[in-house]
Amino acid sequence: MGLRTEILPAFYQDSVVLMRISAQVRARVSVREVALFMGTPANHALLAQAGLATAAGQAAGPNDLIVTVSADDERVAAEAIGTVKELLAESSRSRETAAEYRPRTLDSALQALPDANLAALSIPGPYVRDEAMAALRRNLHLFIFSDNVPIADEIAMKQEALRRGLLCMGPDQGTAYLGGVGLGFANVVARGRVGCVAASGTGLQAVVSRLDALGEGVSHAIGVGGRDLSEAVGGAMTLFALDALAADPATEGIVLVSKPPHPSVLDRVEARLAAIPKPTVICCVGAKPRSPGKVVWVDTLQQAADAIVAAMAGQRWDSAPLSDAGQVGKCLRSLAGAGCGGRRILGLYTGGTLAYETGHVLRGVFGDDHPHRILDLGDDEYTVGRPHPMIDPRTRGEMIVRAGDDPGIGVLLVDLVLGKGAHASPAAPLAEAVNEARRSARAGGRDIAVLAAVIGTVGDPQGLASQAALLEEAGIATLATNADAARCAAMLVHPPLQAEWMREMA
Amino acid sequence: MSIKDANQECVNRIQEGTAVWVDLRVARDVVPGMGDYTVFHAGPPLSWDRMPGPMRGAIIGASMFEGWAKTPEEAVALAESGRLRFDSSHHHHAIGPMSGIITPSMQVNVVRNDRFGIDTYSTLYMGIGKVLRHGAYDESVMEKLRWMNHDLAPLLRRAVHAAGGIDVKSIVAQAVQMGDEMHNRNKASNALLLVALARHLVAVGEAGEVARALKFIEDAGHFILNLVMAGSKGIMDAGAGIPECTVVTAIARNGYETGIRVSGTGERWFTAPAPMIEGVYFPGFGPDDANPDMGDSSITETVGLGSLAMAGAPAVVEYVGGTPAFALETTLKMYEITVAENKAYKLPGLQFRGTPLGIDIRKVVKTGITPVINTGIACKRPGVGQIGAGLTAVPIECFEKALEAFAAMRAVVQ
Amino acid sequence: METKVLPEALRVINVGLESFADDLRADGVPVVQMDWRPPAGGNARLAALLAELDDEA
């Protein structure tokens, strides 16, 4: 039972490449575990926690790669380490011969692209501030995908950005659209008249996908990072973005998307929105709607899109519990046989805001104290040493299979988020996991109902229709609206709700 | 002044510099601080007890040449007694390859940076094989030394005067487009020098001595190196001493340590143990015979030549090892650590992009990319000579020390 | 406050995960992939010093 460690000094690789290579080695060599981590303090702690730290590995610094292998056999361990090195060399070689020389500094990058106007950062959190400040000094807007950025750093970066009239989109921002270009995890949506400000990634994706389906489009969608509307950051970038969209001639309506802001911040933001002489919508999922004024308050992501489109057309918009009652009815009928009444809902989400919206809907229906569990698999506790679930389906797949063994779980609620940056065909591994879970359940004399909210557009690379078809083949009912899926799940486990909500629609 | 502005000022001065070989004089008469029992050497300051074999050998030879000692033993005794005054050539507007030993009676080239009124001095390049700078001091070396100083130098002086000076910078600018990088590969530039000198030698000299001089310069192979080094130092010195400036103005090795000087920190040296050279050895020699990196010739890298210009000198890899692709990659990497591009030295293969100029200590520390040096490998035993050629780098420690010192100075001022 | 903030034509320097650059390139956006590594070889103290001495503008 051996742990073997080797250090490759001055050998930096990003975490996605390292995880890919670990997975490949695990597939080829019969080792128990392969862990590839740069020797940063955070990673040392991680390795220790995972029982993979060794005395030999301790010496590694942040620029050194720690190769750790756990195997029963010396020979197997050596083979694994050899394979790791092979794959690393291959990866470097293919990157070097591909495209061009890769600049090592911002200055040499600017030499190569003199009128660059945006720096997209997806480097480890502790390093973000210095790189971001350097970028701002060179007059570049920022898109910061990185998380684990200290809040003091976020405040400092945003102050500096504001001072210079530049955008700081993030940290921890997965999606944005500028000038018609999607950054990060972005659905392919039409260019149009709606401007968005979002302290959310998948929430923004849901809104813009809905806009696209309604035949509308996006002028710009400025992501501000999940913490912008906290008391500490005070909505700094949100207010700046709102002003920019207010002044943008191409923007005719503005939507704000986030989880509930700090009350003091919400006041300021609402006041700013109210002062904008264009239709405006606030979607702070879970925030208590204010009394109707100039700014339209909505409860769900899909409603945000519907409301702004109506407002821009000068039409009234009425909120209703379900967006697409017809589709919901279909789902209820197809899943009726699963016998979910009285059992639990398990939500397994790749999108944080989507999970939050579902949680909010269920709290609205069942109160705060209910047995249903809605998990955001993008949360830190699930992504240690693993890529984000929007890219890597494994964690969710494993949890779905386990759910099949749990007789208490009657409904599985998932999101399927398409678009650039996401998995090439997320429906396939999802369908496979569900099939296995249902086989398990049936072997135990029961069934499990699975509902998927599919967030995507007809332009997305995965193919909206074909992804939905793959899910339906596995007996997964699909809906385009996440809140509808949440309510559908609620109706399945508590059938009396059907009479209430479906009758209203009829 | 911001660091950015200070660096720009420094680079501007470097770009405007000139390098013309205007004279040959006896060191005692022109080199500041030169006097009796004075020995200037390559690299940062160091004491006799730390000097490597080749440097000691050269000092022995020079002492005998000067008449300070009649035998090698006497020379050693002189050095050990503290009678000899040692200092870095760099402190005295002087420069030399390998051990770089300069003593009062030696003839020196005078290379002038007219734009800034700076004269820089170097001895005449002796050639390859058993030569003084590698610590050889047998009778053949001593005889050559005497001939060079008593016969060759005065002839060259008359020729240089007749020519009205020889523009070394112009030769370098042409040679960089002819496959030379000016540190290890000087085939084109040496030939251009001969072309520039020949008719003037003929005009001022008698056939026999002219023939001998021409043959000597041709056989030496790198005769122009000492001129280029003096010219480069004169050009760099114009950019020295600018407050807030993070540009490296000198890189030099004494065989024991490698040192750098930075414009904003004035005269200070930032040193680290001299690294070994990775390279190709001549038959019969290997790493066990090698001396650590030595010489002032890294002034070429400092001014944007040498390994920084390697993309224009792919043939040099036959000498130092590697591939032409590596030569290109080396120059590309060096752009990462410099602040400007040479207006005079352009690389055709890079669409006439100027070579990287102005090594910035901040960029070196940030990226971890240290200036590569193309250099000869000296035998650690005195008197043997060059035993190979290869590549080494300036230790990152030099730049880290410089950065700390620079920041400390700033903190005091602000 | 200046309102000409929102860029119409993005030109991006990608610092980090290459997949972002690949996606942008596929969209026809001019993008340069930087070969980013922890500054000063991971030495936090020197990195902090460097951040202070970066006075580009």
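Given the structure is predicted, the values throughout are model-derived calculations rather than measurements. (Residues numbered from 1 in each chain as written. Chains lettered and ligands numbered in written order. Predicted model: local features only at pLDDT ≥ 70, side-chain atom pairs only at ≥ 80, totals over all residues.)

**Focus: the overall build of chain A**
Regarding its fold elements, chain A presents 18 helices and 18 strands. Its C-alpha radius of gyration of 24 Å places chain A within 12% of the 23 Å reference for a compact globule of 506 residues. Out of the 506 residues belonging to chain A, those deemed buried represent 53%. For chain A, contacts bridging at least 24 residues in sequence account for 71% of all contacts bridging at least 6. (Helix = DSSP H or I, 4+ residues; strand = E, 2+ residues; numbered from the N terminus. Rg over C-alpha atoms; globule rule 2.2 N^0.38 Å. Buried ≥ 20, exposed ≤ 12 C-beta atoms within 10 Å, placed from the backbone. Contact = placed C-beta atoms within 7 Å.)

**Regarding the overall build of chain C**
When helices and strands are tallied, chain C shows two helices and two strands. If you list the helices and strands of chain C from N to C, you get β-α-β-α. Taking the principal axes of its C-alpha atoms as reference, chain C extends roughly 40 × 35 × 15 Å. Here chain C, with 57 residues, has 46% of them falling under the buried criterion.

**Some points on the environment of Leu 192 of chain B**
Residues and elements named next belong to chain B. On the secondary structure map, Leu 192 appears in helix H7 (residues 187-204). On a C-alpha basis, the gap between Leu 192 and Trp 269 in space is 35 Å, while along the polypeptide they are 77 residues apart. Setting aside residues no more than four positions away along its own chain, Leu 192 makes contact with Ile 171, Gln 174 and Ala 175.

**Things to note about the sheet that holds strand E10 (residues 278-281) of chain B**
All names here are of chain B. Pairing is antiparallel in the open sheet, where three strands are placed in the order E10-E15-E14. Every other strand in the sheet has two partners, leaving E10 and strand E14 (372-378) as the edge strands with one partner each. Within the sheet, the average angular offset between the axes of one strand and its neighbour, ignoring direction, is 20°. Bridge analysis of E14 against strand E15 (residues 386-393) gives seven bridges, and the strand direction is antiparallel. Residue Ala 378 lies in a different strand from E15, and its bridge partner there is Gln 386. (Pairing = 2+ DSSP bridges. Axes fitted to C-alpha atoms, helices over the stretch in contact; angles between N-to-C directions.)

**Comments concerning the packing of helix H9 (residues 236-247) of chain A against helix H10 (residues 263-275) of chain A**
All names here are of chain A. Put simply, H9 and H10 touch, their axes get as near as 10 Å, and they point 5° apart. Here H10 runs roughly parallel to H9, going by the angle between their axes. Along its contact with H9, which presents Thr 238, Leu 239 and Leu 242, the element H10 presents Arg 268, Val 269, Arg 272 and Leu 273. Of the residues contributing to the contact of H9 with H10, the split by class is four nonpolar, one polar and two charged. (Parallel < 35°, antiparallel > 145°, perpendicular 65-115°, else oblique. Nonpolar A, V, L, I, M, F, W, Y, C, P; charged D, E, K, R; others polar.)

**Details of the domain arrangement of chain A**
Segmenting chain A into domains produces domain 1 (2-97), domain 2 (106-312) and domain 3 (325-505). Its C-alpha centre places domain 1 of chain A at a distance of 37 Å from the equivalent point of domain 2 of chain A. (Domains from an automatic or database assignment.)

**A look at the nonpolar core**
Generally speaking, soluble globular proteins have nonpolar side chains that are buried together. Counting 159 residues, the largest nonpolar core has Leu 142, Cys 196 and Leu 451 of chain A as its most contacted members. When residues in this core are grouped by element, the largest group, nine residues, is from helix H17 (residues 482-493) of chain A. A domain-level breakdown of this core finds at least three residues from each of domain 2 (106-312) and domain 3 (325-505) of chain A. Core analysis: the next-biggest nonpolar cluster, separate from the first, contains 137 residues, Ala 6, Ala 159, Ala 230 and Val 317 of chain B among them. (Core = buried A, V, L, I, M, F, W, Y, C linked by C-beta atoms within 7 Å.)

**What about the sheet that holds strand E3 (residues 65-71) of chain A?**
Residues and elements named next belong to chain A. Pairing within the open sheet is antiparallel, and its three strands lie in the order E1-E3-E2. The open sheet has two edge strands, strand E1 (2-8) and strand E2 (33-38), and neither has a second partner. Across the sheet, the mean angle from the axis of one strand to that of its neighbour is 15°, orientation sign disregarded. Where E1 meets E3, seven bridges bridge the pair, whose relative direction is antiparallel.

**Concerning the packing of helix H3 (residues 53-66) of chain B against helix H5 (residues 139-163) of chain B**
Residue and element names in this part refer to chain B. Packing of H3 against H5 leaves a shortest axis separation of 11 Å and a crossing angle of 55°. Judged on the interaxial angle alone, H5 and H3 are oblique. Crossing of H3 against H5: the hand is right-handed. Residue-level inspection shows Gly 61, Met 64 and Phe 65 of H3 in contact with H5, the latter providing Val 141, Met 142 and Leu 145. Among the residues forming the contact of H3 with H5, the class breakdown is five nonpolar, one polar and no charged. (Left-handed = near helix turned anticlockwise from the far one by under 90°.)

**So, the interface of chain C and chain B**
Across the boundary between the two partners, chain C contributes nine residues, which contact ten residues of chain B. Considering only residue class, the side of chain C that touches chain B consists of six nonpolar, one polar and two charged.

**A closer look at the interface of chain C and chain A**
Between chain C and chain A, the contact holds 37 residues from the first and 45 residues from the second. Residue contributions to the side of chain C that touches chain A peak at five residues, all from strand E1 (residues 12-16) of chain C. Taken together, the residues of the side of chain C that touches chain A break down into 21 nonpolar, seven polar and nine charged. Summarising the sheet, strand E4 (residues 118-122) of chain A and E1 of chain C pair through five bridges and their orientation is parallel. Paired with Ala 120 of chain A across the strands is Asn 14 of chain C, a residue of E1 of chain C.

**Observations regarding the pairing of E3 of chain A**
Side chains on a regular strand alternate between the two faces of the sheet. Residues and elements named next belong to chain A. In terms of burial, E3 is largely enclosed, as six of its seven residues are buried. Relative to E3, E2 is paired through six bridges, and the arrangement is antiparallel. Within E3, the residue paired with Val 34 across the bridge is Val 69.

**Some thoughts on unusual backbone geometry**
The general pattern is negative phi for most residues beyond glycine and trans for most peptide bonds. Gly 170 of chain A connects to Pro 171 of chain A through a cis peptide bond whose omega is 5°. Its location among the elements puts Pro 171 of chain A in the loop between strand E6 (168-169) and strand E7 (175-178). Its identity as a non-glycine residue notwithstanding, Asn 139 of chain A has a phi of 65°, on the positive side. The exposure class assigned to Asn 139 of chain A is partly exposed, which follows from the 15 C-beta atoms found within 10 Å. Positive phi, close to 60°, is recorded for Phe 352 of chain B, a residue that is not glycine. On the secondary structure map, Phe 352 of chain B appears in the loop between strand E12 (338-347) and strand E13 (353-359).

**Quick notes on the environment of Gln 315 of chain A**
Summarising the element assignment, Gln 315 of chain A is placed in the loop between helix H11 (301-312) and helix H12 (325-335). Sequence-wise, Gln 315 of chain A and Leu 335 of chain A are 20 residues apart; in three dimensions their C-alpha atoms are separated by 36 Å.

**Concerning the environment of Asn 117 of chain A**
With respect to the helices and strands, the residue Asn 117 of chain A is situated in the loop between helix H5 (106-112) and E4. With 24 residues separating them in the primary sequence, Asn 117 of chain A and His 141 of chain A have C-alpha atoms 6.0 Å apart. Those residues in contact with Asn 117 of chain A that sit more than four places away from it in its chain are Leu 140 and His 141 of chain A together with Pro 7, Leu 10 and Arg 11 of chain C.

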